[in-house]
Amino acid sequence: MTFYLNFIFFVSGISGLIYQVIWVREFGQIFGNTVSSASLVAGTFVFGLGLGSYLAGKFIDRKHSTDPSAGLRYYIKSELFIAILGLFISVAIPQFQNLSPLITFYTPAENGWMELSSLSYILRLLIALILIAPITIIMGATLTLLIRFIMSNSVQEAGWKIGLLYGANTFGAAIGCAIVDIWAGPSIGLINTKLVAIFLNLIACLLAYWLLKKQKFPANKNVPTISESHLAHGKNWYLRAGCIAIAISGFAAMGMEIVWFRFLSSLFSGRRLAFSMLLVTILIGMWLGAICGGYITKKWKSSTALPYIYSQLLFVVATIGGFFIFINTDKVYLNAQLDAGALSGQSGIFYLMIEQLVYAIPALKIVLFPSVMMGAAFPLINVFVQKNKDSVGKTAGSIYLWNSVGAILGSLMTGFIFLPFLGMQTSTAVLCILAAIAVIPVIITELTLSPAFKNKKQGPIGAFVIVVLGILMCFITSPADLLTKNIFLSDQIEAKNKTLLRTSEGINEIAMVVESKGDGSRDLFTDGHSMSGTNYTSQRYMRAFAHLPLLQLDSPTRALVICFGVGNTTHSVSLHPSITNIDVVDISKNVLGLAGYFESANANVLSDPRTQVFINDGRQHLRMETVQAYDLITLEPPPLVSAGVASLYSKEFYQLANNKLKSGGYITQWLPIYQIDGEHARQLVKAFMDVFPNGVLLNGFGRELILMGQKDGPNQIDWQSMEQKVSQRPLVAEDLKRIDLSTATEWLGTFMASSIWLKENLESTLPLSDNLPIIEYNRYHVVTRLPGELFQPASLPGWCPSCFENGNYHPRLELLDSYLSLMNVVYKSDSYLEIGRTGQFVNLSIPYVQSLSPSEQIIRGITRKNYNRLLGSYPALTRMFGPASVSEAEPGN
């Protein structure tokens, strides 16, 4: 029977984690993909589990006294109710999207930036409680119900039986997490994945019902029972000490989970699969810990307190040791091997296994052993507190409740106070100290109530405590950048002739400012990934986001910039004299706080009286009823594969943006499709085109592409009108000249594909959607190609009818034909389309015109003379291809 119960609870664990992972994402769509939103959902989930476990414990002890099968009977009902509520929540959550703007309010901070009010968070918490607290309370009850059922006759094997049961559920949770992010999420979508969770609840329910019918249970006589323990008078003290200890250890454990997530998400640039593998590793460790903890209590008869004490001290050693092991063995972890070709040409299950190793190896080294100690804590503390078989349910429920309370507080304190104010390293030290303190209530209780423990010499514990204190002191006195320098590989930064100016840890990310010793340009890195900078490439395409659309409007007044970066785009918007309001929306106060390091590029635009800063998720900002319509919405989100970024490229997001645009207003968005495979890139463009059917594809520089669409307009460029506007906007003209985008031929030279061409080529492609955020699951190291079939410079007439007179190019645009012909060769070449294993941008150093045969040069009109004229008319070409031109000896001159 024990095997069947563990298997049933294993199935239930799979379902539970599927719900949690998906709910965090769905509430991110409603309230924004912020740490606070995720914390609200996770906190509500954990609190519901703890409260449900406690309430079920008080209830089931009474029922068990007359019916030994009561725990299993009510478990069956609980799984059925979870399935029903799971289906209800799946339908209900999307309906709350319209409620979100009604309960979200801004309030000014001391620096004038607008932040979400405390009332907004309170109302969000209430929504989360209304929606998911009932189901999580029932989920929490299932553990206590089964503990009560398996502990019918004695508490002697409490640790072993509880360890097996808790471990089975935790292992199921690990499988559930892996299912969502490795298989179901990218394959069948989030909606269908929730249906899988509901189906698993029903399976657990049916299996438990079958087990109930298979077993025979004699009725208990309802008579008073006598405690099994001669320590009955002190059992309340044991329970109190156990609750305090497990609350403190839960605080430390959950706090360290937040630190680990921060460290590894920075290491892997916030990729979704990195989060998944970390959570899977933690859960597998807790599963092993629960089994080991239960087994130890079965064999260790000398003391019920010592196993828990040792587990907490080992947690401290393993946590600090994990960081030291990683730092000394994994400065470049597995990337060097992978970049050297380990995955070249691989596919299928072998590729999937190797890919997961990229994430798993650092996670295993850092968190596996501490997670084993975390998992052992629950069965070990149960052995310490379980003194009476008649209150097994209440005791187990109390322990689970206090563990949950500690976990919630640990998550919130670490995420919102420890990490922002202390940083990862000091936060780790504080949490390890708390983990060690968790043993004090247990030791005091044992010394007071257990003569055997008091009289026994505890030399080994004392020696171990000294060792732990020594390790703590070694960690505390280590260099302050011990952890961050290994994320950012500071030694490599110096090797590349760059200087690290500033490292800043915020709630959402770790940011770094780096300066080139050569030209003095600066770059902003977040979580180890280059996000923005003041170099030529960044300046050109980021400023094009603003100038190209705003020059097509007569008197634009309002603009929204989502994702500030270093302020290139925001500053460009500010140069247009008719602009009266610039709304900047960024999820990170940390990034905005570094704007001063890039003042040479942004001209302190955040202090411009027209600029209003909003600390919020961009999508959530667009939902708010108080937000007025914009002439321009422009955004450059983090890397496409970062967790949550898909919500800024989905069809649903574009519909929100369209609703907040004025008639004739524009939207421009960064499209770094070199970061994902070709089919996923097509899905991104398709989502945009479904909402903005007049959208065009432009080239900011190299492979940095731009999507541009217009609401209620043809989205056709009038280059002559733009020339007139530039002449009237001297600051804009100066800015455009600086980035080689100051003439009509340069504006038109950004063209890659018209709306007609894109729609024809994307007709059978499914758009990226909230239900299937496929880009978050894009492979880590994948050799692929850009979707070259989308690039068609010859479709220019669809975007620029005024470029032609009587079927020929306008006389003033005589070089445009040659330029677009040259770029068409570039866009079809393997050197442009092939993406390296790292997916990083590769400078186009080969002069493609030299690779053409003489006949191709003649046909395309790319003669030596024309090519040199092109270099003069398009200075960006020199930066892209280098100064080389066609040889004098080649024909066609």
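Model, not experiment: these values are computed from the prediction.

Caption draft 1: Quick peek at the overall build of the protein. From N to C terminus, the protein includes 33 helices and 18 strands. Out of the 893 residues in the protein, the part that is buried amounts to 60%. Only carbon and sulfur atoms are counted for the fraction: they give 61% of the accessible area of the protein, which is about 33,600 Å².

Caption draft 2: Focus on the packing of aromatic side chains. The tally for this structure, following the rule as stated, stands at 26 aromatic pairs. Ring plane angle 25° and centroid distance 5.6 Å describe the contact between F10 and F171, whose orientation is recorded as stacked. Residue F10 is found in helix α1 (residues 2-31), and its partner F171 is found in helix α5 (residues 158-214); the two are separated by 161 residues along the sequence. A residue is classified by how much of its surface remains accessible, and F171, at 24% relative accessible area, is partly exposed. In this structure an aromatic cluster arises from ring pairing among F7, F10, F171 and W287.

Caption draft 3: Inspection of the pattern of salt bridges at higher detail. Counted under the stated rule, the structure contains 15 salt bridges. The partner of K589 in a salt bridge is E115, with the nearest N and O atoms 3.6 Å apart. Of this pair, K589 sits in helix α19 (residues 589-592) while E115 sits in strand β2 (residues 114-116), and the two are 474 residues apart along the sequence. The exposure class assigned to E115 is partly exposed, which follows from its relative accessible area of 21%. A salt bridge links R812 to E723; the shortest N-O distance between them is 2.5 Å. With a gap of 89 residues between them, R812 in the loop between β17 (808-809) and α28 (816-828) and E723 in helix α24 (residues 719-728) connect regions that are remote in the sequence. Each of R543, D735 and R738 takes part in a single network of salt bridges with overlapping partners.

Caption draft 4: Seen up close, the packing of helix α17 (residues 536-550) against helix α25 (residues 730-738). Across the interface, α17 lies against α25 with an axial gap of 10 Å and an inter-helix angle of 145°. Considering how the two elements wind past one another, α17 and α25 form a crossing that is left-handed. Facing α17, whose interface residues are Y536, Q539, R543 and H547, α25 presents V732, D735, L736 and R738. Here the contact of α17 with α25 is composed, by residue class, of three nonpolar, two polar and three charged.

Caption draft 5: Fine view of the sheet that holds strand β14 (residues 751-753). On the basis of which strands lie adjacent, the open sheet formed by ten strands has the order β1-β2-β9-β8-β7-β10-β11-β13-β12-β14 and mixed pairing. This sheet does not close on itself; its edge strands, each paired only once, are β1 (106-108) and β14. This sheet shows a mean twist of 25° between the axes of neighbouring strands, independent of strand direction. Alignment of β2 against strand β9 (residues 611-615), held across two bridges, turns out to be parallel. Bridging from a neighbouring strand, E115 pairs with I615 of β9. Strands β11 (661-671) and β13 (704-710) of the sheet are contacted by helix α23 (residues 678-691), whose axis makes an angle of about 20° with β13.

Caption draft 6: Looking closely at α23. Between its terminal C-alpha atoms α23 stretches 21 Å, which fits the 20 Å expected from 14 residues at 1.5 Å a residue. Most of α23 is tucked away, with twelve of its 14 residues classed as buried. Buried within α23 are the following residues: G678, H680, A681, R682, Q683, L684, V685, K686, A687, F688, M689 and V691. Between the side-chain oxygen at the start of α23 and the backbone nitrogen of E679 there is a gap of 3.3 Å, and the oxygen is on D677.

Caption draft 7: Molecular detail of the packing of helix α3 (residues 70-92) against helix α4 (residues 118-150). Contact geometry for α3 and α4: axes closest at 9 Å, N-to-C directions at 160°. Classified by the interaxial angle, the pair formed by α3 and α4 is roughly antiparallel. When the axes of α3 and α4 are compared, the crossing they make is left-handed. Packed against α3, whose contacting residues are G71, L72, Y74, Y75, S78, E79, F81, I82, L85, G86, I89 and A92, the element α4 presents L131, I132, P134, I135, I138, M139, T142, L145, L146 and F149 at the interface. Here the residues of the contact of α3 with α4 are counted per class, giving 17 nonpolar, four polar and one charged.

Caption draft 8: The pairing of strand β4 (residues 510-516), seen in detail. Of all seven residues in β4, six are buried, a share of seventy percent or more. What sits between strand β3 (residues 498-505) and β4 in their antiparallel hairpin is a turn of four residues. Taken together, the five bridges between β4 and strand β5 (residues 522-526) define a ladder with antiparallel strand orientation. Each bridged residue has a counterpart across the sheet, and for V513 the counterpart in β5 is L524.

Caption draft 9: Inspection of the sheet that holds strand β6 (residues 529-533) at higher detail. Strands sit in the order β3-β4-β5-β6 across an open sheet of four strands; the sheet is antiparallel. Every interior strand has two partners, whereas the edge strands, β3 and β6, have only one. On average, each strand axis in the sheet is tilted by 25° relative to the strand beside it, whichever way the strands run.

Caption draft 10: Focus on α24. For α24, every residue scored as buried is listed here: W719, M722, K725 and V726. An end-on view of α24 places all buried positions within 110° of arc, on one side of the element. Turned more than 90 degrees away from the buried face of α24, the exposed residues are S727 and Q728. For α24, the elements touching its buried residues are α17, α25 and α26 (744-748).

Analysis parameters
- Residues numbered from 1 in each chain as written.
- Predicted model: local features only at pLDDT ≥ 70, side-chain atom pairs only at ≥ 80, totals over all residues.
- Heavy atoms only, no water.
- Helix = DSSP H or I, 4+ residues; strand = E, 2+ residues; numbered from the N terminus.
- Buried < 20%, exposed > 50% of the residue type's maximum accessible area, 1.4 Å probe, protein only.
- Areas by Shrake-Rupley, 256 points an atom, 1.4 Å probe, with all protein chains shown as cover.
- Phe/Tyr/Trp six-rings, centres within 6.5 Å; stacked < 30°, edge-to-face > 60°.
- Salt bridge = Lys/Arg side-chain N within 4 Å of Asp/Glu carboxyl O.
- Axes fitted to C-alpha atoms, helices over the stretch in contact; angles between N-to-C directions.
- Left-handed = near helix turned anticlockwise from the far one by under 90°.
- Contact = heavy atoms within 4.5 Å.
- Nonpolar A, V, L, I, M, F, W, Y, C, P; charged D, E, K, R; others polar.
- Pairing = 2+ DSSP bridges.
- Expected span 1.5 Å × (residues − 1).
- Polar contact = N/O pair within 3.5 Å; in protein donor to acceptor, adjacent residues only side chain to side chain.
- Parallel < 35°, antiparallel > 145°, perpendicular 65-115°, else oblique.
- Arc of directions from axis to C-beta.

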